[in-house]
Amino acid sequence: MKVSATTVRYIKLGAGGRWENSLDRAELHFGYGSVSHELAVDGNRAKIIAHLIALGRSPQAAGRDAQEVADFYELDERCLWITIARDHLWWTFAEREVTWVKPEPTRAGERFRKAIAGWRNTDINGTPLKINSLSTKLTKVASYRRTICAVKAQDYLLRRINGIEEPIVAKASQARTALLEVTIEALQLLHWADFETLVDIIFARSGWNRISVLGGTKKLVDLELEHAVINERAAVQVKSAASQKTLDAYIRRMDATEQFDRFFFICHSPKGALSAPDDRSDIHVWTGRELGSTIMRLGLHDWVMERLT
């Protein structure tokens, strides 16, 4: 079911995250032991402010304290509560009733509300809400120095919780898909020599060093590569068109040499689907979409189009 909320509040889980166990308890905890439960339930902010000033708080700080107490006691079940802990964003709705508890090691704060259906750190589709996948315009609330605050990025938050792609991201995805299709089509129009050069550039940008002459009359491979970091040698065969039978024959011939740690078979116009044996993680087959995605990821789309201009 789609999540909606009338209001959204961020709540900090204590200094240094010392109240994180409230996530496991399915509870929403709040401290402020200087404000009694009775005073908070009464809801008279003027009295709360006067009480805090009498305890030494400045009028401005006392006003902010009173607002946070009011939020915790007065916001109803339609308020969406969020927090950030354990490298994730967590969210929940809370029951209206506030329970007062005496501060003790087994409890988190001085008072709590029960989290309806517990805390969740995934969207409604089960996708984790990892901090590094969220916009800073939302996660910056974690730097808030007090306990409770409003969330300005409410619309963005609700889209993420509901698993809705950001409009600009959806627009970019559509544009990228169209560009990918054009790139795949363009590969089929390349001269075979340009295609071999393109493959050579792909591996060079990926950290592989060529140790053989490009192309030529070698019967087995078009490129021999080595990678100094992972200490591996690789063979690369480049084909404009090929069938599974052709691929299988090259795999057998490559295995017979016992010279290479990996084998790359690259073809822009395969005759049917090409695939490596299921038990061979050392064999990589690149065709249409995967090859096109690699080209775009490495910023080589313009290079391909220039060859066709």
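Residues numbered from 1 in each chain as written. Predicted model: local features only at pLDDT ≥ 70, side-chain atom pairs only at ≥ 80, totals over all residues. Heavy atoms only, no water.

Visitor: I keep staring at unusual backbone geometry and nothing clicks. Help me out?
Guide: Trans peptide bonds make up the majority, and among non-glycine residues the majority have a negative phi. Unusually for a residue other than glycine, Arg-86 sits at a positive phi of about 55°. Following the sequence through the fold, Arg-86 ends up in the loop between strand E3 (79-85) and strand E4 (88-94). One non-glycine residue, Asn-231, lies in the positive phi region at around 55°. With respect to the helices, strands and loops of the structure, Asn-231 is situated in the loop between strand E9 (223-227) and strand E10 (232-239). (Helix = DSSP H or I, 4+ residues; strand = E, 2+ residues; numbered from the N terminus.)

Visitor: I tried to follow the side chain of Gln-237 on my own but got confused; where do I start?
Guide: Relative to the helices and strands, Gln-237 resides in strand E10. Look past the residues within four positions of Gln-237 in its chain and what remains in contact with it is Leu-220, Val-221, Asp-222, Tyr-250, Phe-263, Phe-264, Phe-265 and Ile-266. (Contact = heavy atoms within 4.5 Å.)

Visitor: In this structure, what is going on with the sheet that holds strand E11 (residues 262-267)? I would like to understand it.
Guide: Sheet strands pair via backbone hydrogen bonds, and the direction of the pair is either parallel or antiparallel. Taking strand neighbours across the sheet as the criterion, the five strands line up as E8-E9-E10-E11-E12 in an open arrangement whose pairing is mixed. In the strand order of this sheet, the two ends are held by strand E8 (209-210) and strand E12 (283-286), each with one partner. Here helix H9 (residues 244-257) sits on the sheet and contacts E10, E11 and E12; the angle it forms with E11, its principal contact strand, is near 155°. Helix H10 (residues 288-297) contacts E11 and E12 of the sheet and is inclined by roughly 90° relative to E12. (Pairing = 2+ DSSP bridges. Axes fitted to C-alpha atoms, helices over the stretch in contact; angles between N-to-C directions.)

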